[in-house]
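Structural overview
Here are the chains, one letter per residue:
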Amino acid sequence: MSFVASLVWNYIPLVLLYFLLKKIIEVFLKRWRLQAAFKDFPGPKAEFFSGNTHQISGDYAGLLRMADYAHTYPGAFPSWMGPAEAQLISVHPETAKVVLSGSDPKDEFSYALMRPWIGDGLLLSKGKKWDRNRRLMTPAFHADILKNYVDVFSRSTQVLVDKWRKSTGSEEVFHHISLLTLDSMMQCLFGYHSNCQNEKTRHPYIQGVYDVSELIVKRIVNPIHHYDFIYYNFTENGKKFKQACGAIHEHSEKIIKKRKRLLKNEAEGSRNVDFLDILLTAKDSDGQGMTDQEIRDEVDTFMFEGHDSTASTISWCLYNLARHKDCQERCRSEILNIVGKTKKVTWDDLTKLEYMFACIQESMRLYPAVPNISRCLERDLALPDGRIIPKDMRVTVSLFAVQRDPEVWDNPNEFDPERFTAGSKISSMFHLPFSIGPRNCIGQHFALTQVKVVICELLRHFQLDLDPEREAEPECLLILRSKNGLYLKIKPI
Ligand code: HEM
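So, how was this worked out
- Residues numbered from 1 in each chain as written.
- Predicted model: local features only at pLDDT ≥ 70, side-chain atom pairs only at ≥ 80, totals over all residues.
- Heavy atoms only, no water.
- 1 Å grid on protein atoms, 1.4 Å probe; cavity = no way out; pocket = protein on both sides within 12 Å on 5 of 7 lines; lining within 4 Å.
- Points joined across faces, edges and corners; volume = space filled by probe spheres on them.
- Helix = DSSP H or I, 4+ residues; strand = E, 2+ residues; numbered from the N terminus.
- Nonpolar A, V, L, I, M, F, W, Y, C, P; charged D, E, K, R; others polar.
- Donors = N, O, S within 2.8 Å, 3.2 Å for Na, K, Ca; no water.
- Tetrahedral: all angles 85-135°; square planar, octahedral: opposite > 155°, others 65-115°.
- Contact = heavy atoms within 4.5 Å.
- Phe/Tyr/Trp six-rings, centres within 6.5 Å; stacked < 30°, edge-to-face > 60°.
- Buried < 20%, exposed > 50% of the residue type's maximum accessible area, 1.4 Å probe, protein only.
- Lys NZ or Arg CZ within 6 Å of the ring centre and 35° of its normal.
- Pairing = 2+ DSSP bridges.
- Axes fitted to C-alpha atoms, helices over the stretch in contact; angles between N-to-C directions.
- Core = buried A, V, L, I, M, F, W, Y, C linked by side-chain atoms within 4.5 Å.
- Parallel < 35°, antiparallel > 145°, perpendicular 65-115°, else oblique.
- Near = heavy atom within 4 Å.
- Polar contact = N/O pair within 3.5 Å; in protein donor to acceptor, adjacent residues only side chain to side chain.
- Arc of directions from axis to C-beta.

The next thing to look at is empty space enclosed by the protein. Under the counting rule described, the total for this entry stands at 1 cavity of 30 Å³ or more. Taken together, Ser213, Ile216, Val217, Phe304, Asp308, Leu477, Leu478, Ile479 and Arg481 form the lining of the largest cavity. For the lining of the largest cavity, the elements supplying multiple residues, two or more each, are helix H10 (204-220), helix H14 (292-323) and strand S10 (479-482). The element best represented in the lining of the largest cavity is H10, accounting for 3 residues. Of the residues assigned to the lining of the largest cavity, the class counts are 6 nonpolar, 1 polar and 2 charged.

Taken together, Glu305 (OE) and Cys441 (SG) make up the full set of protein donors to the iron atom of the ligand, lying 2.3 to 2.7 Å away. Angles of 83 to 175 degrees at the metal separate the 6 donor atoms of the iron atom of the ligand, which places the site in the octahedral class. On the criterion of sequence distance, the pair formed by Glu305 in helix H14 and Cys441 in the loop between helix H18 (399-402) and helix H19 (444-461) is long-range, its members being 136 residues apart.

Before going further, it helps to spend a moment on the side chain of Ser435. Within the secondary structure, Ser435 is located in the loop between H18 and H19. Aside from chain neighbours lying at most four places away, what touches Ser435 is Leu100, Ile373, Arg375 and Asn440.

Counting across every chain of the model gives 27 aromatic pairs. Centre to centre, the rings of Phe275 and Phe302 are 5.3 Å apart; their planes meet at 75 degrees, and the pair counts as edge-to-face. On the criterion of sequence distance, the pair formed by Phe275 in helix H13 (residues 275-281) and Phe302 in helix H14 is long-range, its members being 27 residues apart. Residue classification places Phe275 among the buried residues on the basis of a relative accessible area of 1%. A network of ring pairs unites the aromatic residues Phe141, Tyr149, Phe153, Phe275, Phe302 and Phe446 as a single cluster. Lying across the ring of Tyr232, Arg219 places its NZ or CZ 5.5 Å from the centre.

Spatially, the 3 strands line up as an open sheet ordered S3-S11-S8, and their pairing is antiparallel. A single partner strand is all that each edge strand has here, and the edge strands are strand S3 (170-172) and strand S8 (462-466). Taken over all neighbouring pairs, the strand axes of this sheet differ in orientation by 40 degrees on average, direction set aside. Across 3 bridges, the pairing between S3 and strand S11 (residues 487-492) is antiparallel. Across the sheet, residue Ser170 finds its bridge partner in S11, namely Lys489.

A word on the nonpolar core. Residues Phe275 and Ile455 are the most contacted members of the largest nonpolar core, which totals 143 residues. Ranked by the residues each element gives to this core, the list is headed by H14, at 13 residues. Every residue in contact with Phe275, bar those within four places of it in the chain, is listed here: Ala140, Phe141, Tyr149, Met185, Cys188, Leu189, Phe302 and Phe446.

Between helix H15 (residues 325-338) and H19, the least distance of the axes is 9 Å, while the angle of their chain directions is 100 degrees. Judged by the angle between their axes, H15 and H19 are roughly perpendicular. Counting all contacts with H15, which are made through Gln328, Cys331, Arg332 and Ile335, the residues of H19 involved are Cys456, Leu459 and Arg460. Its residues assigned to classes, the contact of H15 with H19 comprises 4 nonpolar, 1 polar and 2 charged.

This brings us to the layout of surface pockets. In this structure, the second largest pocket occupies an estimated 300 Å³ of space. Glu172, Phe174, Glu214, Arg481 and Ser482 are, among the 18 residues lining the second largest pocket, the residues nearest its centre. Those elements that provide at least two residues to the lining of the second largest pocket are helix H9 (173-190), H10, H14, strand S9 (474-477) and S10. Looking at which element gives the most residues to the lining of the second largest pocket, the answer is H10, with 5 residues.

For the rest of this paragraph, the subject is the site of the ligand. In the vicinity of the ligand lie 28 residues, with Tyr111, Trp130, Arg134, Glu305 and Cys441 positioned nearest. At a separation of 2.7 Å, an oxygen atom of the ligand approaches a polar side-chain atom of Trp130. Between the ligand and Arg375 there is a distance of 2.8 Å, counted from an oxygen atom to a side-chain nitrogen or oxygen. When contributions to the shell around the ligand are tallied by element, the ones reaching two or more residues are helix H6 (127-137), H14, strand S4 (372-376) and H19. Looking at the shell around the ligand element by element, the count peaks at 6 residues for H14. When the residues that make up the shell around the ligand are grouped by side-chain class, the tally is 15 nonpolar, 8 polar and 5 charged.

A word on the sheet that holds strand S1 (residues 76-82). The strand order across the open sheet formed by 4 strands is S1-S2-S7-S4, and the pairing between neighbours is mixed. Either end of the sheet is taken by a strand with one partner, and the two such strands are S1 and S4. The mean angle between the axes of side-by-side strands here comes to 30 degrees, regardless of whether they run parallel or antiparallel. Alignment of S1 against strand S2 (residues 85-90), held across 6 bridges, turns out to be antiparallel. By the bridge assignment for S2, Trp80 is matched with Ala86. Helix-sheet contacts for helix H1 (residues 3-37) involve S1 and S2, and the interaxial angle to S1 is about 170 degrees.

Each full turn of the α-helix corresponds to 3.6 residues, which orients residues three or four apart in the same direction. Those residues of H6 that fall on the buried side of the exposure criterion are Trp130, Asn133, Arg134, Leu136 and Met137. An end-on view of H6 places all buried positions within 160 degrees of arc, on one side of the element. Exposed side chains of H6 directed beyond 90 degrees from the buried face belong to Lys128 and Arg135. Tucked into the core, H6 has its buried residues touching H13 and H14.

Relative to the helices and strands, Val451 is located in helix H19. On the basis of relative accessible area, Val451 is assigned to the buried category, the value being 2%. Counting along the chain gives 141 residues from Val451 to Thr310, while the straight-line C-alpha distance between them is 7.0 Å.

On their own, these measurements won't tell you what the molecule is for.
In structure tokens:
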């Protein structure tokens, strides 16, 4: 053996030992720093390696446990994901209000899986870029624009009505509603009639968005797949994901280019304005618009945020109405009184459907489409009780827990729309399915308009019943879904 080879051979164990010790010291230092930061925040006992992952999980038991911890550990409590990885979980309205009052960036750890698809759009961008683009996009959600979408939502629902008329039994509602919201989002965003609710004619872009959403969900539940290197190089799903993202981006770019050419040549007022027109023509105070990359990221962000969370909200609302037949009946008679059996639902009708809206609000309280949101603090944050959450801390606000706080809501786990009927004033601090503060949901009025139109149209046509053989089980996978599908029996009226 040469001198160099024997030197390397003899020293390899020492080098390995050096790196191992360095890693161990780093882990302990980080753990020590986190423990110091949490000194005023008691929490459930954590295992050294697995932390609290067995208690704080995305399944229904985990979500309910988080709501329970609100009494045991008031305000917020630490949750460990490993020896040196932890965050604070905020489960109290006052704490949530303080955390959400700033425009701190999103916590990359929680949102990283979506970034290859939606890029640095409004949901994930931060600082000046976020501030400027939020201002540029706000006019897109003005009531005068939203009014035009009622017809789009109604037509998309009609396609589902025609499909369900042929239904003979139990339907997995989430799948159908996702296609419906994708269909209408495609029209509101690009003015494009995709006809995607019909499986045979599904547009490749829609198929891509649908596949990517499903693949993200599959990736979340498999921790090994969280490592990019493994996911993209060694798994079929990783390869599919990359391919689908590429196809979506290519398609968005094509549509943006085409629309830019059209905007140069067409006469003003020759067609209805859609989101893309607004993104392409918005200018800041310096007369600057968004770059092509920014527009693509926003289009993808709207497509993601706009279809999945709305589909979850509608599906859980239908589920609650199937579970509470008296509420379903009351909604239906309100709808028949105000809208009638066959007339097209209008923007003005929607404001009059008060009881139906109370049911939607109550359903969003119990089953918020986005159960948790996370921030990485850019500053020390003082809580109302004087405790300080230090800068750089990751904080997750459990909207699910806040909305089931027994100090605010009597029988918090009961579905009771009366909480939202006329006269009851509920602060947005306690009911916050769209979050609160500067980074709340920009699309909330758009979403609520769609939820109301869809529920109204479906209840006019169908009687909804639970399927006793397929009980839904809520599970948080970015958004609230059902572990075993959300099946309802659909009976035409
Ligand atoms: C019922 C349906 C919806 C629910 C429950 C919902 C809920 C939320 C929540 C909780 C957030 C805060 C996320 C966070 O802080 O990490 C959010 C942000 C956002 N939502 Fe929605 N959303 C819905 C529909 C929509 C729609 C239809 C659009 C667009 C058309 C949209 C666009 C966005 C965007 C762009 C953000 C990021 C805002 C920012 O950070 O400035 N959402 N949404």
